[in-house]
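Okay, here's what each chain looks like letter by letter:
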Amino acid sequence: MDATLKLKAEQLAGDIASQAKTLGDLNDLLRILTKSALERMLDTEMDAHLGRKTLAALPVEIEAGDQAAAANRRNGHSKKTLRGDRGELTLDTPRDRDGTFEPLLIPKHQRRLPGFDEKIFALYAKGMTTRDIQEVVKELYGVEVSPTLVSQITADLDAEVTAWQQRRLEAVWPIVYLDGLVVHVRGDSGRVSPHTMYVAIGVNLQGKKELLGLWLCETEGAKFWLGCLTDLKNRGLNDVFVACVDGLTGFAEAIRAAYPQTKVQLCIVHLVRAALKYVSTADSHPLAADLKTIYQAAPVDEAEQALAKFAEVWGAKYPTIVKQWRLKWNDITTLFDFPPSIRKAIYTTNAIESVNSVIRKFTRNRKQYPNAASAIKLVYLAIHEASKRWTMPIRGWKAALNHFAILFEDRLPGRSKKEAA
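In this report, we go over the structure that sits alongside the text. Positions within a chain are numbered from 1, following the residues in the order the chain's sequence is written. Since the coordinates come from a predicted model, pLDDT governs what is reported: local features require at least 70, and pairs of side-chain atoms require 80 or more to be given and counted, while whole-chain, interface and lining totals use all residues. Side-chain measures here rest on the full set of heavy atoms in the structure, leaving out hydrogens and waters.

What about the environment of Tyr259?
Condition: Runs of H or I in DSSP of at least four residues are treated as helices and runs of E of at least two as strands, each being numbered from the N terminus. Any two residues whose heavy atoms approach within 4.5 Å are treated as being in contact. Whenever two N or O atoms come within 3.5 Å, that pair is a polar contact, provided that in protein one can donate a hydrogen and the other can accept it, and provided that, for residues adjacent in sequence, both atoms are side-chain atoms.
Tracing the sequence through the fold places Tyr259 in the loop between helix H9 (251-258) and strand S7 (263-266). Among all residues touching Tyr259, those that are not within four sequence positions of it are Leu229, Leu232, Lys233, Leu237, Asn238, Asp239 and Val240. A distance of 3.4 Å separates the side chain of Tyr259 from the backbone nitrogen of Lys233, its partner in a polar contact.

Description of helix H10 (residues 268-276)
We apply this condition: Only protein chains enter the calculation, and the probe is 1.4 Å; a residue is then buried if its accessible area is under 20% of its type maximum, exposed if over 50%, and partly exposed in between. Think of it as the arc spanned by the lines of direction from the helix axis to the C-beta atoms.
Residues of H10 that are buried include every one of Ile268, Leu271, Val272 and Ala275, and no others. Mapping the buried residues of H10 onto a view down its axis gives an arc of 95°, with all of them on the same face.

Observations concerning the packing of aromatic side chains
Any two aromatic rings considered together are summarised by their centre-to-centre distance and by the angle between their planes. Note the following rule: Only the six-membered ring of Trp is used, alongside the rings of Phe and Tyr, when aromatic pairs are assigned; centres must lie within 6.5 Å, and planes under 30 degrees apart are stacked while those over 60 apart are edge-to-face, with the rest tilted.
Within the structure shown, the criterion is met by 10 aromatic pairs. Ring geometry for Tyr198 against Phe224: centres 4.5 Å apart, planes inclined by 45°, an arrangement best described as tilted. With Tyr198 in strand S4 (residues 192-203) and Phe224 in helix H8 (residues 222-234), the pair connects residues that are 26 residues apart, well separated along the chain. Taking 4.9 Å as the distance between ring centres and 25° as the angle between the ring planes, the aromatic pair formed by Trp225 and Phe251 counts as stacked. Residue Trp225 is found in helix H8, and its partner Phe251 is found in helix H9; the two are separated by 26 residues along the sequence.

Thoughts on the packing of H8 against H9
The test is simple: Fitted lines through C-alpha atoms serve as axes, helices being fitted only where they are in contact, and the angles separating the N-to-C directions of these axes extend from 0 to 180 degrees. Note that the term roughly parallel is reserved for angles under 35 degrees, roughly antiparallel for angles over 145, roughly perpendicular for angles of 65 to 115, and oblique for everything else. In this scheme, a crossing is called left-handed if the near helix is turned counterclockwise away from the far one by less than a right angle; it is called right-handed if the turn is clockwise. Ten residues, namely Ala, Val, Leu, Ile, Met, Phe, Trp, Tyr, Cys and Pro, are considered nonpolar, four, namely Asp, Glu, Lys and Arg, are considered charged, and the remaining ones, Gly among them, are considered polar.
Relative orientation of the contacting elements H8 and H9 amounts to 30°, with a least axis distance of 9 Å. Accordingly, the angle class assigned to the pair H8 and H9 is roughly parallel. Classified by chirality, the crossing of H9 by H8 is right-handed. Along the contact surface, H8 presents Ala222, Trp225, Leu226, Leu229 and Lys233, while H9 presents Phe251, Ala254, Ile255, Ala257 and Ala258. When its residues are assigned to classes, the contact of H8 with H9 shows nine nonpolar, no polar and one charged.

A closer look at the environment of Ala254
Here Ala254 shows up in helix H9. Residue class for Ala254 comes out buried when judged on its relative accessible area of 7%. Spatially, the C-alpha atoms of Ala254 and Gly227 are 9.0 Å apart, while their sequence positions differ by 27 residues.

Quick notes on the side chain of Ser284
Mapping Ser284 onto the fold places it in helix H11 (residues 281-295). Its relative accessible area of 18% is what places Ser284 among the buried residues. Polar contacts involving the side chain of Ser284 include one to the main-chain carbonyl oxygen of Thr281, which spans 2.9 Å. Once you skip the residues sitting within four places of it in the chain, Ser284 turns out to touch Leu276 and Val279.

Here's the deal with the packing of helix H12 (residues 300-314) against helix H13 (residues 319-327)
Close contact between H12 and H13 brings their axes to 9 Å; oriented N to C, the two are set at 160°. Classed by the angle they form, the pair H12 and H13 counts as roughly antiparallel. The handedness of the crossing between H12 and H13 comes out as left-handed. The residues of H13 that touch H12, namely those facing Leu307, Phe310, Ala311 and Trp314, are Pro319, Ile321, Val322, Trp325 and Arg326. Here the residues of the contact of H12 with H13 sort into eight nonpolar, no polar and one charged.

As for the pattern of salt bridges
Condition: A pairing counts as a salt bridge when a side-chain nitrogen of Lys or Arg comes within 4 Å of a carboxyl oxygen of Asp or Glu.
Scanning all chains against the criterion turns up seven salt bridges. Among the ionic pairs, Asp239 bridges to Arg411, the shortest N-O distance being 2.7 Å. One end of the pair, Asp239, is in strand S6 (residues 239-245); the other, Arg411, is in the loop between helix H18 (397-407) and helix H19 (417-420), with 172 residues separating them in the sequence. For the pair Asp239 and Arg411, one class covers both residues: buried. Asp337 is paired through a salt bridge with Lys263; the nearest N and O atoms lie 3.4 Å apart. Separated by 74 residues along the polypeptide, Asp337 in the loop between helix H14 (329-332) and helix H15 (340-346) and Lys263 in strand S7 bring together distant segments of the chain. Look at Asp337 and you get partly exposed, because its relative accessible area is 38%.

A closer look at the sheet that holds strand S3 (residues 172-186)
Applicable threshold: The criterion for strand pairing is that DSSP finds at least two bridges linking the strands in question.
Taken together, the five strands give an open sheet; going across it, the order is S5-S4-S3-S6-S7, and neighbouring strands pair in mixed fashion. Each having just a single partner strand, strand S5 (209-217) and S7 make up the two edges of the open sheet. Across the sheet, the mean angle separating the axes of adjacent strands is 25° when strand polarity is ignored. Here S4 runs beside S5; their pairing, made up of eight bridges, is antiparallel. Residue pairing in the sheet places Ala200 in a bridge with Gly213 of S5.

These values are about where atoms sit, not about what they do.
Below, the structure written as structure tokens:
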């Protein structure tokens, strides 16, 4: 906005302020101003279309030989109702005899002012249902919108989500978190059933988190996870240093099938929770404290000694816990290959658990989804909203990256074994 126009706007604002007594009066005046301004701009476009003015409102002469331009004339106005954040506006849109006028300001068939769709989109992204949005828009703006219209506006997301699901990924991601979230989806048969939303979040070489992929299936299983990992590989993700997962049976094997060099770290929090299921209330605190001595040990030898001591104390009473930890020991002790800066990042899947909590917050108004596409779309929106806060590297990333550079020197982009030597 140039200085002259800004000065006029300020003078007009002063006049309005002296006349308006309430917010309702102010809104009515702004609606009138918007309507008047839009109609005058459309009239200017018509004059330019007929060759009488340019869009800069500068007069131009029609050449005598331009019979087509001279023959075409205005042909009155037609009514057009637009929805906007100030309510509904009914405009007198100019017409020409030939019917060739194509306005640029408000194209034909457009029924919503710019910015209105974005507001619908924002409400949808917050997890509101189409009927909730209908009520909010009616209450805030006095505009009637049908659930069908809301669905049409949000349908533009489909192309965005599809493009995002097919986008190429960087070749190397030092850390990847994999987890599943249960959502209720109406299937083709019309029956609502629990489905698993498979979520993959990666930490890139700059230490920043990013959502890598979303997939949906009726059950959570290692076989489907293998398909998800294959999809990531087909999209360019060639190497993962550490994959952080829960204790799903066969999960570690599925990861190694797709990424043989990847180290798997089982989530310690999940392991402790699973162990406490077998424990009485009286034993839960001392047993959890003894488990902590295992995963908070410094070297792996100390952790093995702590596990042996744990087995002596609790093995007779809770043999299942000891058996499970020994069976999964190789994937539990991956964290001991790294310094504290990396251990904090990989010993738990809290990074993805926090994302799951965001998803639940956004989707708590939706007890079920009409179809799989709708579920993926809304979860994508929820994580997209949460990712706006992922602007900084994870804590201690510089130290972690230096250690990765030593441990995986031949796998970092731009480095080879010869260069590392």
